[in-house]
Amino acid sequence: MALEKVTEGCVRMRGAVEAIHGCPYKAVIYVAGGSSQLLGWLLSIPGASNTILEAVVPYSKMSMIQLIGKIPIHWCSQETAQDMALSAYNRALKLSKPGYPVVGVGFTGVMAANRPTSGGHRFYMATRTADRLLISKVIFTKGLHTREEQEAISSQLLLKAIAKACKVSATSVPDLSESFVTEEWEKQFNEDQELEQVINDQIVFKFYPFSREIGAKRKIILPGSFNPLHEGHLKLLEVATRFCGDGYPCFELSAVNADKTPLSVSQIKDRVKQFEEVGKTVIISNEPDFHKKAKLFPGSTFVIGADTAERLINCKYYDGGYKKMLKRLLGCKEAGSTFVVAGRNVDGVFKVLEDFDVPEEVKDMFISIPPELFRMEKRPRS
């Protein structure tokens, strides 16, 4: 393929980039070993902040190991690209504003270099969205293209892959797939499979935006088992959202419970239906503990009852005693968490946050909802 055609694509890719920036998808992109021009294209055209949540180049082996959480069998392979895309997808879920679809992008390649390479010049690219994983393999004929041409070709192909994942047109970029893409794999996921991935800790959570609200950066989260969802839950989240003044209200159901067996897919779907019926957003996660929820939902406000607040600051619920309790609570604080506490019946007595001795180091994390705004004498089934 002539260099002129590659250069032509570099000029014409603007339309594809603008289409990506104009769509609702938010992206985390991990690239290693090639496709270096892609990030320049995405970042140099106005609108990048609408799309790019994070872009990382894990070039060193240690960087890649930390990124995907394991030592890859092969650094340039289908599996590594898939792991990169999944890691990027989970990162995008954590970083994105509520209500927006996300895409994780992974690219790993071996290109022409100033030292011998084994296995030929090739690359793998993968995109992961909520319901689809798409992986492509490209092999270059050795010696036919310069490194600059390989970079341009790989960047164009990855741009088209991102556009496809974001469901926008990339017709302005020349179609190079027939000339270079040697293999392609696609896997689609239905709702049951997505929930299985949450239960098995493959994806960090699944979002059901039944309220159709978008825009707020901070999540206001009411966790619970919701068996069943009732008026008290709805009222509490409504009051807490009004009390906080700004935020995206949502419920959170953990498929995994520290003291029970994980919920089945059918059980989760039955409980999700409750939220659909009342038009309220719910997140399905796999983290029952608040110090892990804080990392999963950084910068969020958690809405809890006084009984839960009492357990959070009670040393007997921490194997390591006071030091372990304080370490976990400080971890929540570092993640930007706050806890809005509603009065609740505890051991037969109605109590509010002020009835408990909150450690001074984390006292500013806890905020009391005045009883005149919300009061529930009996503790409902959560």
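Located above this text is the structure these notes cover.
Residues numbered from 1 in each chain as written. Predicted model: local features only at pLDDT ≥ 70, side-chain atom pairs only at ≥ 80, totals over all residues. Heavy atoms only, no water.

**Overview of the packing of aromatic side chains**
Note the cut-off: Here the aromatic set is Phe, Tyr and Trp, taking the six-membered ring for Trp, and pairing holds for ring centres within 6.5 Å; pairs whose planes are under 30 degrees apart are stacked, those over 60 apart are edge-to-face, and all others are tilted. Either the NZ atom of lysine or the CZ atom of arginine qualifies as a charge over a ring when it sits within 6 Å of the ring centre and within 35 degrees of the ring normal.
Following the criterion strictly, the structure yields 12 aromatic pairs and no others. In this structure an aromatic cluster arises from ring pairing among Phe-290, Phe-302, Phe-339 and Phe-366. Geometry around Tyr-100 places Lys-26 over its ring, the cationic atom sitting 4.6 Å from the centre. Taking NZ or CZ as reference, Arg-128 lies 5.1 Å from the ring centre of Tyr-89, over its face.

**So, unusual backbone geometry**
Across residues other than glycine, the phi torsion is negative in most instances, and most of the peptide bonds are trans. The following threshold applies: Comment: elements are numbered from the N terminus, with helices defined as DSSP H or I runs of at least four residues and strands as E runs of at least two.
Going from Asn-227 to Pro-228, the amide bond is cis rather than trans, its omega being 10°. Its place among the elements puts Pro-228 in the loop between strand 8 (219-223) and helix 10 (231-244). The phi torsion at Ser-35 lies on the positive side, around 55°, for a residue other than glycine. Along the chain, Ser-35 turns up in the loop between strand 1 (26-32) and helix 3 (36-44). The phi angle at Phe-226 is positive, at roughly 50°, despite the residue not being glycine. By secondary structure assignment, the location of Phe-226 is in the loop between strand 8 and helix 10.

**Regarding the environment of Lys-219**
Condition: Pairs of residues are marked as contacts when any of their non-hydrogen atoms sit within 4.5 Å.
Within the secondary structure layout, Lys-219 lies in strand 8. Lys-219 sits 31 residues away from Cys-250 along the chain, and the two C-alpha atoms are 7.1 Å apart. Not counting residues up to four positions away in its chain, the partners in contact with Lys-219 are Ser-96, Pro-98, Tyr-248, Cys-250, Ile-283, Phe-297, Ser-300 and Thr-301.

**Details of the side chain of Lys-293**
As a reminder, the rule being used: Here a polar contact is recorded for every N or O atom pair within 3.5 Å, except that within protein the pair must consist of a potential hydrogen donor and a potential acceptor, and residues adjacent in sequence are included only if both atoms are side-chain atoms.
The residue Lys-293 is located in helix 12 (residues 290-296) in this model. A polar contact of 2.7 Å, which involves the side chain of Lys-293, links it to the backbone oxygen of Glu-287. With near-sequence residues (within four places) excluded, Lys-293 lies in contact with Pro-223, Glu-252, Ser-254, Glu-287, Pro-288 and Phe-302.

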